[in-house]
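Observations on the model geometry
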Amino acid sequence: QTGVSDLRSAKIPQKPGHYLQQALPPLLHNVNKELRGKSGKGKLAALQLLHQLVTCLPGGLAEHVKTVLPELLKMVAEEGSASNIKIEALVVVRLLLDSHDAWNFRAHVHDLSKVLLDATKEKYYRVTAEA
């Protein structure tokens, strides 16, 4: 009986993503490290994790846009990047733009527009279509 009453009196956060939101700073620090790395598999895994985080926490990465977005834009702009990495980076950028307030991107508008416009001139049609 005491276990049940303890559960009832415990403070449960109202938001479902509360614990995930608390884990974001160290998680995104490691994601940024992978995005800067040389491993294609590591970059792709980091992008897929970012994709899931943006989907699970709409608007939840607002205070982290300033660190995540420049890395994503570098990946799209890189000449030697694999097309699947560029496509996934563009998908994550689109999700960020769709799920966050435009105010969060004000410092990156110039870089964002330049990289996206350059991506429309890519040789691979799927990168161009995603941009």
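Relevant structure appears above.
Our subject in this report is the structure included herewith. In every chain, residue numbers begin from 1 and rise along the written sequence. In keeping with the model being predicted, local features are shown solely for residues with a pLDDT of at least 70 and side-chain atom pairs are shown and tallied solely at 80 or more, while totals for entire chains, interfaces and linings include all residues. Working from all heavy atoms in the structure, the side-chain values ignore hydrogens and water.

**Examining the overall build of the protein**
By definition, any uninterrupted DSSP run of H or I lasting at least four residues is a helix, any uninterrupted run of E lasting at least two residues is a strand, and each is numbered from the N terminus. Of the regular secondary structure elements, the protein holds seven helices and zero strands. When the elements of the protein are put in sequence order from the N terminus, they spell out α-α-α-α-α-α-α. Counting across all 131 residues of the protein, residues that qualify as buried make up 34%. Contacts between residues were defined by any pair of non-hydrogen atoms, one from each residue, lying within 4.5 Å. Long-range pairs, those at least 24 residues apart, make up 67% of the contacts in the protein between residues at least 6 apart in sequence. Using a 1.4 Å probe, accessible areas were evaluated by the Shrake-Rupley method; residue-level cover was limited to the displayed protein chains. Here the protein displays about 8,500 Å² of accessible surface, and carbon together with sulfur accounts for 57% of that area. The classification of residues rests on relative accessible area computed with a 1.4 Å probe and restricted to protein chains. Under 20% of the type maximum is buried, over 50% is exposed, and intermediate values are partly exposed.

**A word on helix α4 (residues 65-77)**
In this scheme, a helix's expected span is set at 1.5 Å multiplied by one less than its residue total. Between its first and last C-alpha, α4 extends 18 Å over 13 residues, near the 18 Å set by a 1.5 Å rise per residue. Those residues of α4 that sit buried are V65, V68, L69, E71, L72, L73, M75 and V76. Packed against the buried residues of α4 are α2 (18-36), α3 (40-56), α5 (83-99) and α6 (109-119).

**As for the packing of α3 against α5**
Here α3 crosses α5 at 20°, and the two axes come no closer than 10 Å. With respect to α5, the axis of α3 lies roughly parallel. Relative to α5, α3 is oriented so that their crossing is left-handed. Contacts between α3 and α5 involve G40, K43, L44, L47, Q48, L50, H51, V54 and T55 on the former and, on the latter, N84, I85, E88, A89, V91, V92, L95, L96 and S99. For the contact of α3 with α5, the class distribution of residues is 10 nonpolar, six polar and two charged. Only C-alpha atoms enter the line fits that serve as axes; for helices the fit covers just the stretch in contact. Angles between N-to-C directions range over 0 to 180 degrees. Oblique is the label for every angle not falling under 35 degrees (roughly parallel), over 145 degrees (roughly antiparallel), or within 65 to 115 degrees (roughly perpendicular). For any pair of crossing helices, the crossing counts as left-handed if the nearer helix is rotated counterclockwise from the farther one by less than a right angle, and right-handed if it is rotated clockwise. Residue polarity is assigned by list, with Asp, Glu, Lys and Arg as charged and Ala, Val, Leu, Ile, Met, Phe, Trp, Tyr, Cys and Pro as nonpolar; anything else, Gly included, falls into the polar class.

**What about the environment of A129?**
Tracing the backbone through its elements, the reader meets A129 in helix α7 (residues 125-130). Considered as a pair, A129 and I87 are 42 residues apart in the sequence and their alpha carbons are 9.2 Å apart.

**Focus: the environment of L96**
Counting through the fold element by element, L96 comes out in helix α5. Residue classification places L96 among the buried positions, given a relative accessible area of 1%. A C-alpha to C-alpha distance of 8.8 Å links L96 and L69, two positions 27 residues apart in sequence. Beyond its immediate sequence surroundings of up to four residues, L96 is in contact with V54, L61, L69, L72 and F105.

**Focus on the nonpolar core**
The nonpolar side chains of soluble globular proteins are, as a tendency, buried together. Joining through side-chain atoms within 4.5 Å is the link that ties buried Ala, Val, Leu, Ile, Met, Phe, Trp, Tyr and Cys residues into a set, and such a set is a nonpolar core. By size, the foremost hydrophobic cluster in this structure holds 32 residues, and its most contacted members are L50, L61, L69, L72 and L96. Of all the elements in the fold, those that place two or more residues in this core are α2, α3, α4, α5 and α6. Residue contacts for L69: discarding those within four places in its chain leaves V93, L96, F105, H108 and L112.

**Points about the pattern of salt bridges**
Within this document, salt bridges are pairs made up of a side-chain nitrogen of Lys or Arg and a carboxyl oxygen of Asp or Glu, the two lying within 4 Å of each other. Tallied over the full model, the rule gives five salt bridges. Residues E71 and K74 are paired through a salt bridge, measuring 3.6 Å at the closest nitrogen-oxygen approach. Here E71 pairs with K74, and both are found in helix α4, just three residues apart, close to one helical turn. Under the relative-accessibility criterion, E71 is labelled buried at 9%. With its nearest N and O atoms 3.1 Å apart, the salt bridge here joins D118 to K114. Placement of the pair is D118 and K114 together in helix α6, with a separation of four residues, close to one helical turn.

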